[in-house]
Amino acid sequence: MLIQFGQDLGNYLYDVFVAKFDFWLAFGLIAQLLFTARFLVQWISSERAGQSVVPMAFWFFSMGGGFMTLIYGIAKREPVIILGQGLATIIYIRNIMLILKNRGSGSKVEKS
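Residues numbered from 1 in each chain as written. Predicted model: local features only at pLDDT ≥ 70, side-chain atom pairs only at ≥ 80, totals over all residues. Heavy atoms only, no water.

1. Overview of the side chain of Thr-69
Next, step 1: Looking at the secondary structure, you find Thr-69 in helix H3 (residues 56-76).
Next, step 2: What Thr-69 contacts, discounting residues up to four positions off in sequence, is Ala-31, Ile-81 and Gln-85. (Helix = DSSP H or I, 4+ residues; strand = E, 2+ residues; numbered from the N terminus. Contact = heavy atoms within 4.5 Å.)

Spelled out as structure tokens, the structure:
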């Protein structure tokens, strides 16, 4: 049973990542890597500061990865991705706008 499960899993992964590999799969994977990079940026910044911080780069990676994922969802006609990333991308852009607006008044990115 365990051997059969391993073979089935291998066949599934081959089918998903190799047999169906095309431009949109590569685009979606890059989008996901960008989106994931935001957590690495936030973690590194927090470790350096010795407390939880949200650097500006976090929002840029969020916006870039989220927008690319939205494009992927539209191209693949995936309503879950379209709804989730459509709203999220608006929120990322608004956060960037607020940070840039408050930079002129001397405010810093909120620490959590």
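2. Here's the deal with the confidence of the model for the chain
For residues with low pLDDT, the predicted coordinates do not support detailed interpretation.
Next, step 1: With 94% of its residues at a pLDDT of 70 or more, the chain has an overall mean of 90.
Next, step 2: No element of the chain has a lower mean pLDDT than helix H1 (residues 2-19), which averages 91, and none a higher one than helix H2 (residues 23-49), which averages 95. (pLDDT = per-residue confidence, 0-100.)

3. Brief notes about the pattern of salt bridges
Next, step 1: By the definition in use, this model includes one salt bridge.
Next, step 2: Among the salt bridges present, the one from Lys-20 reaches Asp-15, with a minimum N-O distance of 3.7 Å. (Salt bridge = Lys/Arg side-chain N within 4 Å of Asp/Glu carboxyl O.)

4. Notes on the UniProt feature "domain: Lipid A biosynthesis N-terminal" (unreviewed entry) in the chain
Next, step 1: The UniProt record annotates "domain: Lipid A biosynthesis N-terminal" (unreviewed entry) at residues 27-98.
Next, step 2: Its end C-alpha atoms 29 Å apart, residues 27-98 is made of 89% helix and 0% strand. (UniProt positions renumbered as here; feature names shortened; annotations may be inferred.)

5. Things to note about the nonpolar core
Next, step 1: Listed in full, the nine residues of the largest apolar core are Phe-35, Val-54, Met-56, Phe-58, Trp-59, Ala-88, Tyr-92, Ile-96 and Ile-99.
Next, step 2: Those elements that place two or more of their residues in this core are H3 and helix H4 (79-103).
Next, step 3: In terms of residue count, H4 provides more of this core than any other element does, four residues in total.
Next, step 4: What Met-56 contacts, discounting residues up to four positions off in sequence, is Ile-96, Ile-99, Leu-100 and Arg-103. (Core = buried A, V, L, I, M, F, W, Y, C linked by side-chain atoms within 4.5 Å. Buried < 20%, exposed > 50% of the residue type's maximum accessible area, 1.4 Å probe, protein only.)

6. A word on the UniProt feature "transmembrane region" (unreviewed entry) in the chain
Next, step 1: With numbering aligned to this structure, UniProt lists the feature "transmembrane region" (unreviewed entry) at residues 23-41, 53-74 and 80-100.
Next, step 2: Secondary structure across residues 23-41 divides into 100% helix and 0% strand, with the first and last C-alpha atoms of the span separated by 27 Å.
Next, step 3: Helix makes up 86% of residues 53-74 and strand 0%, and the two end C-alpha atoms of the span are 32 Å apart.

7. As for the side chain of Ser-62
Next, step 1: Positionally, Ser-62 belongs in helix H3.
Next, step 2: Taking relative accessible area as the criterion, Ser-62 reaches 0% and is therefore assigned buried.
Next, step 3: Those residues in contact with Ser-62, other than ones at most four positions away along the chain, are Phe-35, Arg-38, Phe-67 and Tyr-92.

8. Structural notes on the packing of aromatic side chains
Aromatic rings in a pair are described by how distant their centres are and how their planes are angled relative to each other.
Next, step 1: Scanning all chains against the criterion turns up six aromatic pairs.
Next, step 2: Ring plane angle 50° and centroid distance 6.3 Å describe the contact between Phe-35 and Tyr-92, whose orientation is recorded as tilted. Taken together, the residues Phe-35 in helix H2 and Tyr-92 in helix H4 connect sequence positions 57 residues apart. In this structure, Phe-35 and Tyr-92 share a single accessibility class: buried.
Next, step 3: On the basis of an interplanar angle of 90° and a centroid distance of 5.0 Å, the ring pair of Phe-58 and Trp-59 is categorised as edge-to-face.
Next, step 4: Given the relative accessible area of 15%, Trp-59 is considered buried.
Next, step 5: Put simply, the rings of Phe-35, Phe-58, Trp-59 and Tyr-92 touch in pairs and so form one group of aromatic residues.
Next, step 6: Arg-38 extends its terminal NZ or CZ atom over the ring of Phe-35, reaching a point 4.0 Å from the ring centre. (Phe/Tyr/Trp six-rings, centres within 6.5 Å; stacked < 30°, edge-to-face > 60°. Lys NZ or Arg CZ within 6 Å of the ring centre and 35° of its normal.)

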